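Residue-level structural notes
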Amino acid sequence: MTVQHSDRHHAVIEHMPALHRFARSLCHDPADAEDLLQETLFKALKCWHQFEPGTNLRSWLFTIMKNSFCTAWIHAQRERTGDSEDCASRSIPVPPTQEWHVRGRELEQAVARLPSHARTIFQDVVLEGRSYQDVARELDCPLGTIKSRVNRTKQILSKQLDSEIEPPRLCRRQ
């Protein structure tokens, strides 16, 4: 027995509220849910000949909707139309390095102004990464002396570098 054309429509319409709720749960956006519902109804009516009478029509419709949603999601992930991350005109963010370059030059100049004994110890321990023990052994000095000299040198450099940076003046006094 063949189902008449109008019977198909009535059978599908009967399940529309449940299909609509399912579409809303998948899409979360009302407009997308409506589109998914329309696509599901179109595919169901177009492929009605594939529906086996006596099976669960609701399950068949829900399967069509789920498959349509999954296919659309996969395409959206692959294509990402309008996504600014894929835009060729988007510039690549590069953090500015000028300040660090300038600060590095200031540090070099400040280290060069240090007395030779302080500069040698600072370069050995801080810049070259040698251990306090190795430097103390090489200079035949107590370990505490090396540590205190490095610490004092760091404080001197910090003060010198901080004094070279003047805060911007917001207004001029007259």
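Keep in mind the model is a prediction, meaning the values are calculated, not measured.

Remarks on the overall build of the protein
Looking only at helices and strands, the protein features eight helices and zero strands. Going residue by residue from the N terminus, the α and β elements of the protein occur as α-α-α-α-α-α-α-α. Pairs at least 24 residues apart make up 55% of the contacts formed inside the protein by residues separated by at least 6 positions. Accessible surface, the protein: about 13400 Å² in total, of which carbon and sulfur atoms supply 54%.

Brief notes about helix H5 (residues 98-112)
The terminal C-alpha atoms of H5, which comprises 15 residues, lie 21 Å apart, in line with the 21 Å expected from a rise of 1.5 Å per residue. If you check which residues of H5 are buried, you get Glu-106, Ala-110 and Val-111. Buried residues of H5 fall within an arc of 135° about the axis and therefore sit on the same side. H5 presents Gln-98, His-101 and Ala-112 as exposed residues on the side facing more than 90 degrees away from its buried surface.

With respect to the packing of aromatic side chains
Enumeration according to the criterion identifies four aromatic pairs in this entry. The interplanar angle of 35° and the centroid separation of 5.3 Å between the aromatic rings of Trp-48 and Phe-51 together place this pair among those described as tilted. Pair check on accessibility: Trp-48 and Phe-51 agree, each one buried. Connected via pairs of aromatic rings, a cluster forms that spans Trp-48, Phe-51 and Trp-60. Lying over the aromatic face of Tyr-132, Lys-147 brings its terminal NZ or CZ to 5.7 Å of the ring centre.

Comments concerning the pattern of salt bridges
Using the criterion set out here, one finds five salt bridges in the structure. In this structure, Arg-130 engages Asp-124 in a salt bridge whose closest nitrogen and oxygen atoms are separated by 3.6 Å. Using a relative accessible area of 9% as the deciding quantity, one classes Asp-124 as buried. Notably, a salt bridge pairs Arg-130 with Glu-138, separated by 2.6 Å at the nearest N-O pair. The partly exposed category is assigned to Arg-130, whose relative accessible area is 26%.

Comments concerning the packing of helix H6 (residues 116-127) against helix H7 (residues 132-139)
H7 packs onto H6 with a crossing angle of 150° between their chain directions and a minimal axis gap of 9 Å. Here H6 is positioned roughly antiparallel relative to H7, judged by the angle of their axes. Classified by chirality, the crossing of H7 by H6 is right-handed. Contacts between H6 and H7 involve Ile-121, Asp-124 and Val-125 from the first element and Tyr-132, Val-135, Glu-138 and Leu-139 from the second. In terms of residue class, the contact of H6 with H7 is made up of five nonpolar, no polar and two charged.

Definitions and limits used
Residues numbered from 1 in each chain as written. Predicted model: local features only at pLDDT ≥ 70, side-chain atom pairs only at ≥ 80, totals over all residues. Heavy atoms only, no water. Helix = DSSP H or I, 4+ residues; strand = E, 2+ residues; numbered from the N terminus. Contact = heavy atoms within 4.5 Å. Areas by Shrake-Rupley, 256 points an atom, 1.4 Å probe, with all protein chains shown as cover. Expected span 1.5 Å × (residues − 1). Buried < 20%, exposed > 50% of the residue type's maximum accessible area, 1.4 Å probe, protein only. Arc of directions from axis to C-beta. Phe/Tyr/Trp six-rings, centres within 6.5 Å; stacked < 30°, edge-to-face > 60°. Lys NZ or Arg CZ within 6 Å of the ring centre and 35° of its normal. Salt bridge = Lys/Arg side-chain N within 4 Å of Asp/Glu carboxyl O. Axes fitted to C-alpha atoms, helices over the stretch in contact; angles between N-to-C directions. Parallel < 35°, antiparallel > 145°, perpendicular 65-115°, else oblique. Left-handed = near helix turned anticlockwise from the far one by under 90°. Nonpolar A, V, L, I, M, F, W, Y, C, P; charged D, E, K, R; others polar.

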